[in-house]
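# Examination of the molecular architecture
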Amino acid sequence: MINRSKQAWTVGSTVKVGFMSLVVVAAVATPGDFAPDAYVLSSPKCFYRFVPHKGLVKMTAAEAAELVAEGKRIAAQQAAAAISKASTESAHAAVVAKLMAVA
């Protein structure tokens, strides 16, 4: 997510990219490729994909929907992994507590 900017890059906010004012439709995390997050932006007539330092690319409504769906899928995978990790760590802590109580 863009955090060193005077603009608010949150869903629903209006941002200026170059000379255009666009609305942020979605922020799509891009884990694993070390690239900045991608943003789906909208004007009254078009959709755009924006990646900092890579530029603005025009796309169709279907491509925008696909990118947002991919972002939701990635977010769900990350949430499931976090839940799995938390449950594993919780089980480990319970075993450690039992072992310490015996000693």
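Residues numbered from 1 in each chain as written. Predicted model: local features only at pLDDT ≥ 70, side-chain atom pairs only at ≥ 80, totals over all residues. Heavy atoms only, no water.

### With respect to the overall build of the protein chain
- Looking only at helices and strands, the protein chain features 1 helix and 5 strands.
- Ordered by position in the sequence, the α and β elements of the protein chain form the string β-β-β-β-β-α.
- Over its C-alpha trace the protein chain gives a radius of gyration of 20 Å, far above what one expects of a compact globule, namely 13 Å for 103 residues.
- Seen along its three principal axes, the alpha-carbon backbone of the protein chain occupies a region of about 70 × 30 × 25 Å.
- When burial is assessed residue by residue, the protein chain has 25% of its 103 residues classed as buried.
- Restricting to contacts in the protein chain with at least 6 residues of sequence separation, those with at least 24 account for 23%.
- In the structure as shown, the protein chain presents an accessible area of about 7400 Å², 63% of it carried by carbon and sulfur atoms. (Helix = DSSP H or I, 4+ residues; strand = E, 2+ residues; numbered from the N terminus. Rg over C-alpha atoms; globule rule 2.2 N^0.38 Å. Buried < 20%, exposed > 50% of the residue type's maximum accessible area, 1.4 Å probe, protein only. Contact = heavy atoms within 4.5 Å. Areas by Shrake-Rupley, 256 points an atom, 1.4 Å probe, with all protein chains shown as cover.)

### Remarks on the sheet that holds strand 4 (residues 47-51)
- The sheet built from 5 strands is open, its strands ordered 1-2-3-4-5 with antiparallel pairing. With one partner strand each, in any of the chains shown, strand 1 (14-17) and strand 5 (55-59) form the two edges of the open sheet. The sheet shows a mean angle of 40° between the axes of neighbouring strands, direction not considered.
- Packing of helix 1 (residues 61-102) onto the sheet brings it into contact with strand 2 (20-28), strand 3 (38-42), strand 4 and strand 5, and relative to strand 5 it is tilted by some 120°. (Pairing = 2+ DSSP bridges. Axes fitted to C-alpha atoms, helices over the stretch in contact; angles between N-to-C directions.)

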